[in-house]
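# Fold and contact review
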Amino acid sequence: MSLSEEEDGIMQVRHIYLKIEAVPNYSPVAPDDAEHHKHRLDCMRNMDHADATIPQSEVDRRSLDALVYREYLDAAYTVLNNTPLIAADINEPRVERRIPGTVIYTQPDERLYIHVLNGDNEPHSFHVHGLHYGIDSDGSWPFGVQEYDGPNRSDAICPGDQWCYVFDVREDTVGAWPFHDHHMHIEEVVKRGLFGGIVVRDPHCDKPGLEIPIFFHRLTAKVGAALFDSGSLNAGDLFDFTFNEEGTFEYYCRFHPMQGRVRVTAAGPLTATINILDTPARFELDDITVGVGAVVTWNHAGNQPHTVTERSGAGLESFAINGRTFVGNTPTIVAESGTRVRWYVFNLDLSMVWHNFHLHGQRWRWGNEWVDTRSLGPAESFVADTVVPPVILQPLPLECGCEPRDGHEGHDPMQGDENEDEHGSHGRPREEPETRASGSVAHAHTLHASMPGTSVGSPKPESKHEHSKDESDPYPGRSKKKCRKYQLQGDFLIHCHVEMHMMEGMAAVLRATQEVELSDEELEKICYQLPTVHAHQCPEVEHHPCGGDGEDSWELLEPSPIFVVHGALLNTGHVLLFSGAAERNYPLEARIWDPATKQIMPGVIPLPEDFFCSGHIFMADGRLLVVGGDTNGAGHTNNRCFIFTPDPVNPDSGTFAPAASMAHARWYPTALSLNDGRILAFSGGHPIAAEVEVFDGGTWTPVSGANRSFDELYPGMHLLPSGEIFYTRAGWAGATGTQTAYLTMTGAASGSWTDYGQQQFYDRQEGMSLLMIDTTVSPEHTRLYVFGGGVSGPPTARNNATGEVIEFSGGIAGSAWARIADMNFGRTNVNAVVLPTGKILIVGGHSNGQKWSPTPVLETETYDPATDTWTPGAPLNFPRQYHSVCILLPDGRILAAGGVAPGTADADQHSVELYSPGYLSLGARPAISNAPSAVAYANSFTIDTPQAADINAIVLIAPISVTHHTDAGQRYIKLPIDSRTATAVETTAPANGNIAPPGFYMLFVVDNQGVPSEARFVEIS
């Protein structure tokens, strides 16, 4: 048949309009900037994603300026084709943020005129596999054709120009065919998303319930400022790099989840060799120390391609399915069990790496056999038909021999998710008013559908009361019992079975739904919790459910309705959060966060003043004193004070009552408790108050002889066991002079200052200090630490990766500052939290500059004073810099909120996250079964605990009241174990108020494995 005959009435003509368009700042783990809540997940909890979320730093490092073929419905390119790629994919982004841009469906006997308009600033083309075309429509450079008048070519469409490609679709083209740019640097542009697929439907095949195009491919992030990058290394290749400066340099492979570290010190070997291995993929050695000027050589000792790429500035390559990476972002395809699915599978990874397509719980016919996995080379594609598997098999498998469960402990099939899922379903059973037959034929087709070679159709409507005799009943002969309907849900993986590719995010999910009818007797015999429908995108499981791993993690919580600048742990166990107007007209309100629900409670507590940048400290009776702050734009001239009293009946309520005003306005002041419960106020502006004032609960009195100007504001102050108030130079701004100092109270309202030693790095601007006291020795031993800070002055004055300690044994005499091991990261605006274990958690900050610096440090780390070592921890999800708070909770977790993130959509962070230290995953925790609620100084008291024999430490920690990395009240007090029985330990309270100013403390016991109990609040007075 000639072409003219085909055009004469047999071939159907169809015009398709594609435009090559950019998708700026696209991240395959957060593709849709309008729907943040849908993405940034890794439900498989791969490396560095233990809490199933992806930190913002990784979102950024995976970002690229993508490029797609976007389909329009008109020749003017004004009406977008909004048809989803996969109608049942609940994660698919808007069409404007989608990769690939389109999939074209056609059938034999169509002629396609595909008009491609190049909206990019570089030439591109359009090349289709599998269809019939002439050389004018091949699109492969330089073998195309050129227009009569002008430079435009079929293999190089110029920016702003278009080309009309013509294809005939015939019987021999049935299948799935990729298309992509074939101008120059093909792999490079395909790795930006410039590809798609054409599906030629077979008119002789039944229509499936779902059509699902699946694209395996990679996306390459923008080239970052990596210090070194080897590029792709193959077997036998070597890569050298010379390290000419001190520091710690992290590196990784862009192709595989493997990483290493080079530490460069002043003295060390000048050569080192590291082998690159395939199985398991790793660098060997992965942590080395060399000297300045050392040459490090990486030797590729495996067969797979690898890279050696410095981590701090480099972009990440993403293994993607349909433009997205990691389960939770990649397609989640929801379909009823028994639905027939037609898969169109494409491999658009044009590198040397092959992939394969593997479905869980499904199989398809391939030649003369059934398969569930098929390999794909670059640009290869195929079609497969499968059936959505059942969530649970029927007839119900009841012969596993489960142990009886009293009251269904750990298995309550009546309980579904409290929230509806995305389809409006609940996990609760549906009650039926009448007695039902033992089985439901509504599921007979599910059983048959899972068998090879059978057809699937919709279940036939049956009489509700005549099921038992139906031959398709999966429970023949079962007597009539009262049954209930249950809506079930099961997630079946779709992934590349090259394990590294799956771990790097090349995985998706087919979410099967199923309705079953079960009796209570049958529920008793099921060995697992019924997989009812849930609203959560990711399974709610522990990363290591059997415990014992010691890994830490961050959990991203619901955002706060207010911007958080100030936080305080109340002795109710709840957390008070507020900011004030923050110079940005935020609402003047405080909120209460509940650790039990991990949510902000609904009550709104009005602020009588703008408390932005106030100081605060707990009083002896547990109420919170707030001093100074802002005046909502009136020059920061606030000398007023308020006392917050929680409502004992309604925990999300409370009142801020006015207290006596200070003599001086104090904006950014420090408040500190004395041994008799009185409170000192230091510093603050405007102007900066050199005078110190003391509050006795009723009035403020100046402290004569104690004037000292703290230009940094929020100066770090700490009451020592010897009675002096020590100044650490930590603060919000730059401090004059070079000396630390202490204030001696010479009377109830008089005192004098004494300079006391210079730190090695005395610029501690935006650093943090805290106090640790050990009363198990006599005299008591005190460590006062300062961490990070330092943004101005000569290099000899600032080093924000350092920490320093000054130690006292009894009195203050004879001590000097000493440098401890450096942190892994330099930090200013840093938060430090002492843990029940006696270790110190360092959170957030930024690596250089002052408060608005866009250089957040997301990685956490923990300092062990016993070994002078640092252990890296799980990274934050969001920056915690200036205006952030971190608060230790009674259950041993840490709440982090607030902070600024310059250049982001939410510059003032409303995000909230919760840190679980590694000790929470080390197995069972010791428990305090009974402890006194109040103890007098120097008195013995008993703590009842079933784990008494294993208790290693008893600890008091003052509740945190923090703002701007300043908390003069944070202190850790280790108590002695005086005696023990099988069920109790006895200890002695601190000797006086210099060790523990009167007030409420969290009481922890810690076992021999370093696992703390949950705390009990005890009042020390």
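What counts and what doesn't
Residues numbered from 1 in each chain as written. Predicted model: local features only at pLDDT ≥ 70, side-chain atom pairs only at ≥ 80, totals over all residues. Heavy atoms only, no water. Core = buried A, V, L, I, M, F, W, Y, C linked by side-chain atoms within 4.5 Å. Buried < 20%, exposed > 50% of the residue type's maximum accessible area, 1.4 Å probe, protein only. Helix = DSSP H or I, 4+ residues; strand = E, 2+ residues; numbered from the N terminus. Contact = heavy atoms within 4.5 Å. Pairing = 2+ DSSP bridges. Axes fitted to C-alpha atoms, helices over the stretch in contact; angles between N-to-C directions. Phe/Tyr/Trp six-rings, centres within 6.5 Å; stacked < 30°, edge-to-face > 60°. Lys NZ or Arg CZ within 6 Å of the ring centre and 35° of its normal. Disulfide = S-S within 2.5 Å.

### Regarding the nonpolar core
- Among the nonpolar cores identified, the biggest contains 56 residues, and Ile-212, Ile-214, Ile-333, Trp-343, Phe-357, Ile-494 and Leu-518 are the most heavily contacted of them.
- Looking at this core, the element that brings in the most residues is strand β9 (residues 210-220), giving six residues.
- The contact partners of Ile-214, leaving out residues within four places of it in the chain, are Ile-86, Ile-321, Asn-322, Trp-343, Tyr-344, Val-345, Phe-346 and Phe-357.
- Tyr-785, Ile-842, Val-955 and Val-1006 belong to the second largest nonpolar core, which has 55 residues in total.

### Observations concerning the sheet that holds strand β21 (residues 355-359)
- Pairing is mixed in the open sheet, where five strands are placed in the order β19-β27-β26-β21-β24. Since the sheet does not close on itself, it has two edges, and those belong to β19 (332-336) and β24 (373-376), each with one partner. Pairwise comparison of adjacent strand axes, ignoring direction, gives a mean angle of 20° for this sheet.
- The pairing of β21 with strand β26 (residues 483-495) spans two bridges and is antiparallel. Bridge pairing links His-358 to His-495 in β26.

### Side note on the sheet that holds strand β63 (residues 984-988)
- Here we have three strands laid out as an open sheet, ordered β58-β63-β62, and antiparallel in their pairing. Unpaired on one side and paired on the other, β58 (940-944) and β62 (979-980) mark the two borders of the sheet.
- In terms of strand pairing, β58 meets β63 through five bridges, oriented antiparallel. In the sheet register, Thr-942 faces β63, and the bridge partner there is Glu-986.

### What to know about the environment of Leu-625
- Within the secondary structure layout, Leu-625 lies in strand β35 (residues 624-627).
- Along the primary structure Leu-625 and Ala-671 are separated by 46 residues, whereas in three dimensions their C-alpha atoms are 8.7 Å apart.
- If sequence neighbours within four positions are ignored, Leu-625 has contacts with Gly-615, His-616, Ile-617, Met-619, Cys-641, Phe-642, Ile-643, Ile-679, Phe-695 and Trp-700.

### What to know about the packing of aromatic side chains
- Throughout the structure, instances matching the rule amount to 53 aromatic pairs.
- Centre to centre, the rings of Trp-732 and Tyr-882 are 6.5 Å apart; their planes meet at 35°, and the pair counts as tilted. Of this pair, Trp-732 sits in the loop between β43 (725-727) and β44 (739-747) while Tyr-882 sits in the loop between β53 (869-875) and β54 (884-888), placing them 150 residues apart in sequence. The exposure classification of Trp-732 matches that of Tyr-882, with both residues buried.
- Site record: aromatic cluster; members linked through ring pairs are Phe-228, Phe-239, Phe-241, Phe-243, Phe-249, Tyr-251, Phe-283 and Trp-298.
- Above the plane of the ring of Tyr-252 lies Arg-61, whose end atom (NZ or CZ) is 5.4 Å from the centre.
- Its end group placed over the ring of Trp-753, Arg-708 keeps NZ or CZ at 5.3 Å from the ring centre.

### Considerations on the state of the cysteines
- The tally for this structure, following the rule as stated, stands at one disulfide.
- Across the disulfide from Cys-43 sits Cys-538; the S-S distance is 2.0 Å. Between Cys-43 and Cys-538, the disulfide has an S-S torsion of -70° and is therefore left-handed. Here the residue Cys-43 occupies a position in the loop between β1 (12-26) and α2 (56-61), and Cys-538 occupies one in the loop between α6 (520-525) and β28 (553-556), the gap between them amounting to 495 residues.
- Residue classification places Cys-43 among the buried residues on the basis of a relative accessible area of 11%.

### Some points on the environment of Val-295
- On the secondary structure map, Val-295 appears in strand β16 (residues 294-300).
- We classify Val-295 as partly exposed; its relative accessible area is 31%.
- Sequence separation of Val-295 and Ala-272 is 23 residues, and the distance between their C-alpha atoms is 6.7 Å.
- Beyond its immediate sequence surroundings of up to four residues, Val-295 is in contact with Asp-240, Phe-241, Thr-242, Leu-270, Thr-271 and Ala-272.

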